[in-house]
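# Structural description and commentary
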Amino acid sequence: MNPVIPAPVPIPLPAPVWLIQLLMVFTFILHLIPMNLLVGGAVILAVSSYRGRNEARHRELARRAAHAMPPVVAFAITLGVAPLLFLQLLYGQLFYTSSVLMAWSWLAVVALLMLAYYGVYWFALQQEELGPRGFWVIALTALIVIYIMRTFVANLSLMQQPQVFYARFLTGRAGNYLGPAEALVFTRLAHFFLAALAIGGLGLAVLARSWKAEAPELAVWARRYGLRWFQAGTGLQFLVGLWFLFSLPAEMRGAFLGGDRLSTALLIVAVALALLALIAARKSLAVGSVAILGTVSLMAVIRHLVRIAYLRPYFDPRTLPVEGQWTVFVIFAVLLVAGILTVGWMLFHFFRPAARESTR
Amino acid sequence: MNYPVWEPPMLGGGLIIGIIAILHVFVSHFAVGGGLFLPLTERKAYRENDAALLDYVKSHSKFFVLVVLVFGAVSGVGIWWTIGLVNPEATATLIHVFVWGWAIEWVFFFVEIAAAFIYYYGWNRLDPQTHLIVGWIYFAGAWLSLLVINGILAFMLTPGHWIESPSFWTAFFNPSMLPSCIVRTAVSVALAGVYGLVTASTLRDIALRTEVVRYAAKWVLVGTLIIPLAGLWYISTLPPLAREISMGAAPAVTIFAALSIFFSVLVVTFTYFGPYQHPRYFNLTFAFLIAVLALSTTGVTEWVREAVRKPYIVYGYMYANTLRVEDMSRVRQEGILKSAKFVHDHEVNPDERLVSGEDVFRVECASCHTVDGYNSMRFAVKGWSQPMIEYQLLHLNELKGFMPPFVGTEAERQALRDWLASLNPQPATREPADSGVQAVAPAASSGASKP
């Protein structure tokens, strides 16, 4: 049966495809940082909150680290909007179809996001009042964000398999599908989950530096503890990532194993950077962070190549007509720079040494 | 017709969008107005050297962050999610026309969120001057994002010259964009006052409570007084059909439009005689009463704004069921089942007429009708004979101006008719012995009043 794919909108794209793809991948990288910190952070906090029932240092770690979480959620959401916008522009006809097929699950993301967000605030602002019950709040929050991650993985996997749309439509009412449950989705989820734990751990190690003045012992221990998560997550990733690679369809796996020079090179560099991060993080958090940021960025590019490969038989956005809206684009670019400078200015004042100590 | 159709039972997609949108509008306008309220009140506290007032601003800012950053931001994402599910074709169209507008809005949103956090966490870290500037940056970000989104929303109702000469600029600077922006800004100011009343009513210190309650009441009054003036201008820019619908052509819409005015008058009256005249006796219950009235005003007004756009989703360009006006004649000839992608058969299947009929319903009608819930189809055709249904289908857009015409082949129309008729099995024809009189009576009365 021929795949049934909705026709793209009969309005030209407002910029060339490469530019939209560039922005999509770039903003996706920006989103990945807080998103990983959120998922990994929630899990690590849940563990510390649990162990904090008996161990004072875990309790103290959870208390302090919790305050970093509300902004992390906020930026995971804010920065997630842009890549999804560009994705809808280029691949809307695929993305909307897969979303409609799993409409209830997809809509549930919004409600769950709201719950998780309030969960994070509740945990951060009311720790004393919550006491040991705080564990349940943050554990439930962690489960929710993992479920949200599952739904994203499911929808974005379904989106790149238009050949199954029509059959899905025929089985059951549109909207009731929970998403594909094939092995590949699980390996992909496991891969992302481990990455989140690793980056969450690294984030904790970085955050602990700001506790040096007030709680030097805790800061030293928390740094080591965070790095343990980072190392465990990254180390295991060498197995899970490999498993993921081997669960990809043969042509795609082949591309990364020498079949396509660019793909293979990207993968090698990404893995090498992860190794470097693993070795260097203990000595220098800065080197470790930059290296892992490199890995994450390259992985985002690789992910984009995988999508292109999946869709090759069905759709290529380069076939769409283009009519650049350059004036508005330039305004966007200028405002983007101005916006970043403004936020930088505010952060500069906020973190300036002269800024009085927070007493919240 | 391009996409599979999601049919949430009872509510229907339209109502789900409506519910989320009303809550979001209520909070997001507060996000803008509150952005003005906070720095202005903070400045007042510094100028008058009023430590108690400053403490109030601090506690209000926490409430603000919890409501705006979380609920406001997530419900905004929620609207985007739902319109993509309910009207994918229209969402895709808006994104193609406005993607850079949205990207710009995203920059403002980003600055707004960052500023809100720094404002909230910065009370003890920033010097007053810088803290105040951060407050103003927040307001600038919030208002500018209103400006952009407002342009896109106004476009859907009054696309203006975009239809003949499509470009980002003709779309954005559409006829109702400016008046609608003023209305929304005034609503933001009023809502900032409403939320201010809620937090002020819980203050313990009586002198402070009296001061802040009166102050917040002024915000409500000033905002609500601007709304009708800008509102009249706004209404004058609407397409004639939309104006007719709100002023008598469709009773339900007219009632809601009247309710909108009624609720706003109540808000003004209660605020004037309550917190403004007698701030001392103001309490949380009263504050909630005003908040509920304001929410009701927002609710009915947004509902009217959505309703007057019918039968279109982008006025004059795309119908609510996402058929493009330019495609109508082609679909009329080729048939809707052939044009649609996610249907069981691409022609009426003689063995499964009802399945085909239901497919036609999904593609052409389900954007506004559910089978059993909101704007129920079963209820609408109750007691109608097949010829009566057929007659309606031939004249949908003429009998009710807010419906698009039916398009499709004759076979498709008949399949739809049969499916509609099957919704209410008619005891009179099937089982003559069974309560025939009752079944005929409503048929006669609605048959007499409807055509």
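Residues numbered from 1 in each chain as written. Chains lettered and ligands numbered in written order. Predicted model: local features only at pLDDT ≥ 70, side-chain atom pairs only at ≥ 80, totals over all residues. Heavy atoms only, no water.

Our next topic: the overall build of chain A. Each helix and strand in chain A was counted, giving 13 helices and zero strands. If you list the helices and strands of chain A from N to C, you get α-α-α-α-α-α-α-α-α-α-α-α-α. Over its C-alpha trace chain A gives a radius of gyration of 22 Å, about what one expects of a compact globule, namely 21 Å for 360 residues. Once the C-alpha set of chain A is aligned to its principal axes, its extents read approximately 65 × 45 × 40 Å. (Helix = DSSP H or I, 4+ residues; strand = E, 2+ residues; numbered from the N terminus. Rg over C-alpha atoms; globule rule 2.2 N^0.38 Å.)

A separate point is a nonpolar patch on the surface. All names here are of chain B. A cluster of nonpolar residues, Leu178, Ile182, Val222, Ile226 and Trp233, forms a patch on the protein surface that exposes about 430 Å² of accessible area. Elements that contribute at least two residues to the nonpolar patch include exactly α6 (177-200) and α7 (206-236). Ranked by the residues each element gives to the nonpolar patch, the list is headed by α7, at three residues. You can see Trp233 is positioned in helix α7. Relative accessible area serves as the criterion here: at 40%, Trp233 is assigned to the partly exposed category. (Patch = residues over 30% accessible without salt bridge, like charges linked within 9 Å, V, L, I, M, F, W, Y side chains within 5 Å. Areas by Shrake-Rupley, 256 points an atom, 1.4 Å probe, with all protein chains shown as cover. Salt bridge = Lys/Arg side-chain N within 4 Å of Asp/Glu carboxyl O. Buried < 20%, exposed > 50% of the residue type's maximum accessible area, 1.4 Å probe, protein only.)

Angle between the axes and distance between the axes are the two parameters that describe a pair of packed helices. Residue and element names in this part refer to chain B. For the pair helix α9 (residues 251-276) and helix α10 (residues 284-308), interaxial distance at closest approach is 8 Å and the crossing angle is 155°. The angle between α9 and α10 places the two elements in the roughly antiparallel class. Crossing handedness for the pair α9 and α10: left-handed. (Axes fitted to C-alpha atoms, helices over the stretch in contact; angles between N-to-C directions. Parallel < 35°, antiparallel > 145°, perpendicular 65-115°, else oblique. Left-handed = near helix turned anticlockwise from the far one by under 90°.)

If you walk through the whole model with that rule in mind, you get 56 aromatic pairs over all chains. For the pair Trp80 of chain B and Trp81 of chain B, a centre-to-centre distance of 6.3 Å together with 65° between the ring planes defines the contact as edge-to-face. Lying over the aromatic face of Tyr177 of chain A, Arg168 of chain A brings its terminal NZ or CZ to 3.8 Å of the ring centre. Cation over ring: Arg125 of chain B sits above Phe350 of chain A, and NZ or CZ is 4.3 Å from the ring centre. (Phe/Tyr/Trp six-rings, centres within 6.5 Å; stacked < 30°, edge-to-face > 60°. Lys NZ or Arg CZ within 6 Å of the ring centre and 35° of its normal.)

Every contact between the two is made by 79 residues of chain A and, on the other side, 69 residues of chain B. Joining chain A to chain B, the criterion identifies two salt bridges. Residue Asp127 of chain B is joined to Arg352 of chain A by a salt bridge in which the shortest nitrogen-to-oxygen separation is 4.0 Å. Counting the contacts that link chain A with chain B gives nine residue pairs in polar contact (both at pLDDT 80 or more). (Contact = heavy atoms within 4.5 Å. Polar contact = N/O pair within 3.5 Å; in protein donor to acceptor, adjacent residues only side chain to side chain.)

Next up on the list: the domain arrangement of chain B. All names here are of chain B. Each assigned domain of chain B is listed here: domain 1 (12-319) and domain 2 (326-448). With eleven residues of domain 1 at the contact, the number on the domain 2 side is eleven residues. Counting each side, the surface lost to burial between domain 1 and domain 2 is near 910 Å², with a carbon and sulfur contribution of 70%. On inspection of domain 1 and its partner domain 2, the count reaches zero salt bridges. (Domains from an automatic or database assignment. Buried area = accessible area lost by both parts, 1.4 Å probe.)

Residues and elements named next belong to chain B. If you walk through the whole model with that rule in mind, you get seven cavities of 30 Å³ or more. Here the largest cavity is characterised by a volume of approximately 220 Å³. Looking at the largest cavity, it is lined by 20 residues, and the ones nearest its centre are Val5, Val86, Asn87, Pro88 and Thr322. Of all the elements in the fold, those that place two or more residues in the lining of the largest cavity are α2 (51-86), α3 (88-121) and α13 (353-364). Broken down by class, the residue content of the lining of the largest cavity amounts to twelve nonpolar, six polar and two charged. When residues of the lining of the largest cavity are sorted by domain, at least three fall in each of domain 1 (12-319) and domain 2 (326-448). (1 Å grid on protein atoms, 1.4 Å probe; cavity = no way out; pocket = protein on both sides within 12 Å on 5 of 7 lines; lining within 4 Å. Points joined across faces, edges and corners; volume = space filled by probe spheres on them. Nonpolar A, V, L, I, M, F, W, Y, C, P; charged D, E, K, R; others polar.)

Residues and elements named next belong to chain B. Mapped onto the fold, Val183 is located in helix α6. For Val183, a relative accessible area of 16% translates into the label buried. Excluding residues within four positions of it along the chain, Val183 makes contact with Ile227, Ala230, Gly231 and Tyr234.

All right, on to the packing of helix α1 (residues 17-51) of chain A against helix α2 (residues 56-66) of chain A then. Residue and element names in this part refer to chain A. Relative orientation of the contacting elements α1 and α2 amounts to 140°, with a least axis distance of 7 Å. Read as a crossing pair, α1 and α2 show a hand that is left-handed. Contacts from Leu45, Ser48, Ser49 and Arg51 of α1 reach α2 at His58, Arg59, Leu61, Ala62, Ala65 and Ala66. Across the contact of α1 with α2, the residue classes break down as five nonpolar, three polar and two charged.

Let us look at the side chain of Asn174 of chain B. Residue and element names in this part refer to chain B. Among the secondary structure elements, Asn174 is positioned in the loop between α5 (168-172) and α6. A polar atom in the side chain of Asn174 sits 3.2 Å from the backbone oxygen of Gly151. When near neighbours in sequence (up to four residues on either side) are disregarded, Asn174 contacts Gly151, Ala154, Phe155, Thr158 and Pro159.

Turning to the pattern of salt bridges, a few remarks are in order. Residues and elements named next belong to chain A. One pass over the full model with this rule turns up 24 salt bridges over all chains. Across the pair Arg51 and Glu55 runs a salt bridge, and its minimum N-O distance is 3.5 Å. On the accessibility criterion, Arg51 (36% relative accessible area) is partly exposed. On the basis of relative accessibility, which here comes to 24%, the residue Glu55 falls in the partly exposed class. Between Arg57 and Glu55 there is a salt bridge; the shortest N-O distance is 3.7 Å. Residue class for Arg57 comes out partly exposed when judged on its relative accessible area of 42%.

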